[in-house]
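# Survey of secondary and tertiary structure
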Amino acid sequence: MSDCIFCKIINKEIPATIIYEDDRFVAFKDINPIDKVHFLIIPKMHEENLLTAKNDLATREMFGEMLMLAPKLAKKEGLEGFRTMINSGVKGGQEVFHIHFHVYGGSDHLRKI
Ligand code: 5GP
Ligand code: ZN
């Protein structure tokens, strides 16, 4: 997707603080962090969100692998615990339409939800 900012980060067309990359995923620091540590995990394959993603085995496997990067990278970033958030659709607070898992933590004052 040529006009997608996260695809541009994947293609190194715009800079980001990348903390992890493999053949399928990239993780990078959120530009506007809501906690001491806040990064995003994205698939290299452009997928809009959970509302539009196919519910096939390959997609489920991809999201499973993506989710299991969260504890690995959170620990690498020095977190003992973290939150994940996936905003889906405009009414779900999504602003960038390339699916991403938010992973954040580090403060001592998480609101109970
Ligand atoms: P959403 O609201 O779509 O779930 O979250 C999008 C997130 O992407 C926001 O937290 C925002 O700060 C982050 N973001 C938007 N543009 C950029 C960018 O160009 N670089 C980085 N590193 N993060 C971005
Ligand atoms: Zn994209």
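Refer to the structure presented above.
Residues numbered from 1 in each chain as written. Chains lettered and ligands numbered in written order. Predicted model: local features only at pLDDT ≥ 70, side-chain atom pairs only at ≥ 80, totals over all residues. Heavy atoms only, no water.

## Observations regarding the pairing of strand 1 (residues 18–21)
Sheet topology places strand 1 next to strand 2 (residues 25–29); three bridges connect them, and they run antiparallel. By the bridge assignment, E21 is partnered in strand 2 with V26. Linking two consecutive strands that pair antiparallel, namely strand 1 and strand 2, is a turn of three residues. (Pairing = 2+ DSSP bridges. Helix = DSSP H or I, 4+ residues; strand = E, 2+ residues; numbered from the N terminus.)

## As for the site of ligand 1
Around ligand 1, the structure places 16 residues, and the nearest of them are D30, N87, E95, H100 and H102. Contact between ligand 1 and N87: an oxygen atom at 2.8 Å from a side-chain N or O atom of the residue. The separation between an oxygen atom of ligand 1 and a polar side-chain atom of H102 is 2.8 Å. Protein burial of ligand 1: of its 520 Å² of free accessible surface, 84% is covered by the chains. Those elements giving two or more residues to the shell around ligand 1 turn out to be helix 1 (5–10) and strand 2. For the shell around ligand 1, the element with the most residues is helix 1, which contributes three residues. (Near = heavy atom within 4 Å. Polar contact = N/O pair within 3.5 Å; in protein donor to acceptor, adjacent residues only side chain to side chain. Areas by Shrake-Rupley, 256 points an atom, 1.4 Å probe, with all protein chains shown as cover.)

## Some points on the coordination of the zinc ion (ligand 2)
At this site the zinc ion (ligand 2) is bound by C4 (SG), C7 (SG), H46 (ND1) and H98 (ND1), with donor distances of 2.0 to 2.3 Å. If you look at the zinc ion (ligand 2), its four donor atoms make angles of 101 to 117° with each other, and the shape they trace is tetrahedral. For C4, a relative accessible area of 7% translates into the label buried. With relative accessibility at 0%, the residue H98 sits in the buried group. (Donors = N, O, S within 2.8 Å, 3.2 Å for Na, K, Ca; no water. Tetrahedral: all angles 85-135°; square planar, octahedral: opposite > 155°, others 65-115°. Buried < 20%, exposed > 50% of the residue type's maximum accessible area, 1.4 Å probe, protein only.)

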